[in-house]
Amino acid sequence: MKSGLRFSGLIAAATLAATVITGADAPGALADVAGTQASPLDEVVPLPAVVEPDADVTFRLTPATAIFARFGSDETVRAATLLAEDLRPATGFPLPVVRVPDLGTPPGISLRLVPDDGRIGQEGYRLDVTRTAVTIAAASAAGLTNGVHTLRQLLPPEIESETRRDGPWLLPGGRIIDHPRYAYRGAMLDLARYYFPPDVVKRHIDKVSMYKINYLHLHLTDDQGWRVEIDSWPRLATYGGSTQTGGGPGGYYTKDEYRDIVSYAQRRNVTIVPEIDVPGHTNAALASYAELNCDGIAPPLYTGWDVGFSSLCLGRPVTEQFVDDVIREVAAMTPGEYLHIGGDEATAGTPEADYVAFMDMAAGIVAKYGKKVIGWHESLKGTPPSTSVGQYWYPWPDDETAAGAAARGARLIMSPANRAYLDMKYTPTVPEFGQVWAGFVEAENAYAWDPDTTVNGVAPASVLGVEATMFTQIAPDEKSVDFMVFPRLPEIAEVAWTPREALNWESIRARLPEQGQRWDLWGINYYRSPQIPWAAQLPVG
Ligand code: TNX
């Protein structure tokens, strides 16, 4: 029995009956009140807030099904087009996007923008499935896209096939009313330690957006490489980007390639958060421009594993000019509100007062170019607490900088390394290539934690959200990145989305096998954790 499915049904039952039912009575209470078995309507990851299955009803997608969007509403047409593109390959159906002047409830699938009724918020949605019609209603494009991701997961896993399958393509009847727990649901990909071509980054966006991740933080610069073109300092990319961990050719994104990644993500409701890591983690920049070094000598490019040995020369006008130029050019390519300036492990003999002054200067430049600043939590020593966001990464719960800054108004994104660092090994032997410094992070460890109590002295109201990070010096290719990301990223996405009271390891454990079947069809190399009862692999092809 899947207790979590019962739990989600329980929320539905409680909603229907306007009665709060708790504790051990839950399964029986569900049967009594709702009179139904758990439905695939609640197989979704992340688990929706409210699920009201109607076991007597199914909707069947056919070659005649159309997707309706209101004429003149770009947001709905965009989400409808995304849905059609998602469903066409496996079904082989035309699924035309039809613009209509007024919706009514036509037979088929309709997407509509509605005012927030207080239950869906800005990013939530309502999904209704009857025998003849499927409706996604949301207050924003983001909400509609979240509803589209849910709809796709309600279809059988074969929907993920790139080639045509037979179906039948049935959607379970009922209603979902859903909204996220946190505003910031992030994933990070380190492109500095290894360069990945744009199509790999785009596939990564596809993979994370399925789980309603709405921010993808790109770690674009580090000791081993500088990956984004900067016109005013061209050698950063052409020379600083010319290698990677372990040697090899590296690479960088031209401005056009970078903008294309940003808009690809935007269409899937994923906002790119670019990170320019300063003042440490800067060997690639120091190697490219001698004047950024205190001794005026450019070091060689770096292809090793060490951290904490490099620093820009602080307190010099040329360094400030460098930071201003880079942030100006990156901000101009960033539609999102955040820019990440790193600030971690600035331990190369940097006096704390100099570090604080530098981070304060860099934060001021970010604000000057109209963006909000994020930094690794150490940066909260130097960035203004009331307007800054710190990303907490230590694997322990006590930190004066984070707690003190939160008390003065800073907000925190929770990435505790013992839960949310996807480069950690799962077990002492799996995989051979993982990190161990924050311990082992098996599937259950990545799930069973509460961001609201991660750092002592940081109140829930100061928690902006959650981010799962993927540092790549251990993972040179898409296959090894995927192995670390799945199943842990979908689990952390649920921690970030689903109401705290509905989080339940037994529940997600029972829902992940169906996700695994989808990953098989995507060709994802995932970790078949012994903690999860995986299903048989679906035939690919
Ligand atoms: C810590 S997290 C780092 C990275 C490493 C990572 C390896 C952080 C702010 N810095 O530079 O790649 O650990 O797990």
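Note that the structure is predicted; figures quoted are calculated from it, not measured. (Residues numbered from 1 in each chain as written. Predicted model: local features only at pLDDT ≥ 70, side-chain atom pairs only at ≥ 80, totals over all residues. Heavy atoms only, no water.)

### A word on the side chain of Ser209
With respect to the helices and strands, Ser209 occurs in helix H5 (residues 198-209). Here Ser209 is in contact with His149, Arg268 and Val270, once residues within four sequence places are set aside. (Helix = DSSP H or I, 4+ residues; strand = E, 2+ residues; numbered from the N terminus. Contact = heavy atoms within 4.5 Å.)

### Side note on the environment of Asp344
Looking at the element boundaries, Asp344 is found in the loop between strand E13 (338-342) and helix H10 (352-368). When its relative accessible area of 6% is taken as the criterion, Asp344 is described as buried. A C-alpha to C-alpha distance of 45 Å links Asp344 and Glu52, two positions 292 residues apart in sequence. Sequence-distant contacts of Asp344, that is, excluding residues within four places in its chain, are made with Asp277, His281, Trp376, Glu378 and Trp393. A polar side-chain atom of Asp344 sits 3.0 Å from a polar atom in the side chain of His281. (Buried < 20%, exposed > 50% of the residue type's maximum accessible area, 1.4 Å probe, protein only. Polar contact = N/O pair within 3.5 Å; in protein donor to acceptor, adjacent residues only side chain to side chain.)

### Focus: the packing of aromatic side chains
Applying the stated criterion to the full structure yields 24 aromatic pairs. Ring plane angle 40 degrees and centroid distance 5.8 Å describe the contact between Trp376 and Phe471, whose orientation is recorded as tilted. Of this pair, Trp376 sits in strand E14 (residues 372-376) while Phe471 is found in the loop between strand E17 (463-470) and helix H14 (478-485), placing the two residues 95 residues apart along the sequence. Just as Trp376 is buried, Phe471 falls in that class too. Ring geometry for Tyr421 against Phe471: centres 5.5 Å apart, planes inclined by 45 degrees, an arrangement best described as tilted. (Phe/Tyr/Trp six-rings, centres within 6.5 Å; stacked < 30°, edge-to-face > 60°.)

### A word on the layout of surface pockets
Of the pockets and cavities examined, the largest pocket occupies roughly 510 Å³. In terms of lining residues, the largest pocket is bounded by 19 residues, among which Asp86, Arg152, Glu162, Asp206 and Trp522 are the most central. When contributions to the lining of the largest pocket are tallied by element, the ones reaching two or more residues are helix H3 (74-91), helix H4 (141-154), H5 and helix H16 (505-522). Residue composition of the lining of the largest pocket, by class: seven nonpolar, three polar and nine charged. Each of two domains, domain 1 (11-178) and domain 2 (184-503), supplies a minimum of three residues to the lining of the largest pocket. (1 Å grid on protein atoms, 1.4 Å probe; cavity = no way out; pocket = protein on both sides within 12 Å on 5 of 7 lines; lining within 4 Å. Points joined across faces, edges and corners; volume = space filled by probe spheres on them. Nonpolar A, V, L, I, M, F, W, Y, C, P; charged D, E, K, R; others polar. Domains from an automatic or database assignment.)

### What about the confidence of the model for the protein?
Across the protein, the average pLDDT comes to 91, with 93% of residues at 70 or higher. Averaged pLDDT values for the elements of the protein fall to 29 in helix H2 (residues 26-34) and rise to 99 in strand E9 (residues 215-219). When the criterion is pLDDT under 50, residues 1-39 qualifies, and its contacts beyond four places in sequence or with other chains add up to 49 contacts. (pLDDT = per-residue confidence, 0-100.)

### Things to note about the sheet that holds strand E6 (residues 133-138)
Taken in spatial order, the seven strands line up as E1-E7-E5-E6-E4-E2-E3 in an open sheet, and their pairing is mixed. Of all the strands in the sheet, the pair left with one neighbour each is strand E1 (50-61) and strand E3 (97-100). Within this sheet the neighbouring strands show an average axis-to-axis angle of 25 degrees, counted without direction. Of the pairings in the sheet, the one linking strand E4 (residues 108-113) to E6 comprises six bridges and is parallel in character. Within E6, the residue paired with Arg112 across the bridge is Ala137. Those strands touched by H4 are E4, strand E5 (125-129), E6 and strand E7 (169-178), and its axis lies near 145 degrees from that of E6. (Pairing = 2+ DSSP bridges. Axes fitted to C-alpha atoms, helices over the stretch in contact; angles between N-to-C directions.)

### Here's the deal with the site of the ligand
Arg193, Tyr421, Asp423, Trp437 and Gln473 are the nearest of the 14 residues found near the ligand. One nitrogen or oxygen atom from the side chain of Arg193 is found 2.9 Å from an oxygen atom belonging to the ligand. Contact distances for the ligand include 2.8 Å between an oxygen atom and a side-chain N or O atom of Trp437. Using a 2 Å cut-off from the grid points, one finds that the ligand occupies the second largest pocket. Across the shell around the ligand, the residue classes tally to seven nonpolar, three polar and four charged. (Near = heavy atom within 4 Å. Sits in = over half its atoms within 2 Å of the grid points.)

### Considering the side chain of Arg193
Considering the arrangement of structural elements, one finds Arg193 in the loop between strand E8 (184-190) and H5. What makes Arg193 buried here is its relative accessible area of 3%. In this structure the side chain of Arg193 is engaged in a polar contact, spanning 2.9 Å, whose partner is the side chain of Asp190. Leaving out residues up to four positions away in the same chain, Arg193 has contacts with His219, Asp222, Gln224, Arg227, Gln244, Thr245, His281, Val307, Phe471, Thr472 and Gln473.

### Some details on the sheet that holds E9
Pairing within the closed barrel is parallel, and its eight strands lie in the order E8-E9-E12-E13-E14-E15-E16-E17. Averaged over all adjacent pairs, the angle separating strand axes in this sheet is 30 degrees, with direction ignored. Taken strand by strand, H10 contacts strand E12 (271-278), E13 and E14, and its axis lies near 160 degrees from that of E13.

### Here's the deal with the nonpolar core
In this structure, Trp226 and Phe322 are the most contacted members of the largest nonpolar core, which totals 110 residues. Take this core: its biggest share by element is eight residues, from H10. Val44, Ala80, Leu87 and Leu111 belong to the second-largest nonpolar core, a separate cluster that totals 34 residues. (Core = buried A, V, L, I, M, F, W, Y, C linked by side-chain atoms within 4.5 Å.)

### What to know about empty space enclosed by the protein
Going through the model one piece at a time under the given rule, you end up with two cavities of 30 Å³ or more. Roughly 50 Å³ of volume is contained in the largest cavity. Leu189, Phe196, Val200, His204, Lys207, Glu478, Val481 and Asp482 together form the lining of the largest cavity. For the lining of the largest cavity, the residue count by class is four nonpolar, one polar and three charged. Approximately 30 Å³ is the volume found for the second largest cavity. Of all the secondary structure elements, the ones that give two or more residues to the lining of the second largest cavity are E12 and helix H9 (317-332). Per-element accounting of the lining of the second largest cavity gives the leading share, four residues, to H9. Of the residues that constitute the lining of the second largest cavity, the class distribution is six nonpolar, no polar and no charged.

### Digging into the pairing of E17
Of all eight residues making up E17, eight are buried, and the element is well covered by its neighbours. Two strands pair when backbone bridges link them, and E8 and E17 are joined in this way by six bridges, in the parallel orientation. Residue Met188 lies in a different strand from E17, and its bridge partner there is Thr469. Of the strand pairs in this sheet, strand E16 (residues 411-414) and E17 are connected by three bridges, and their pairing is parallel.

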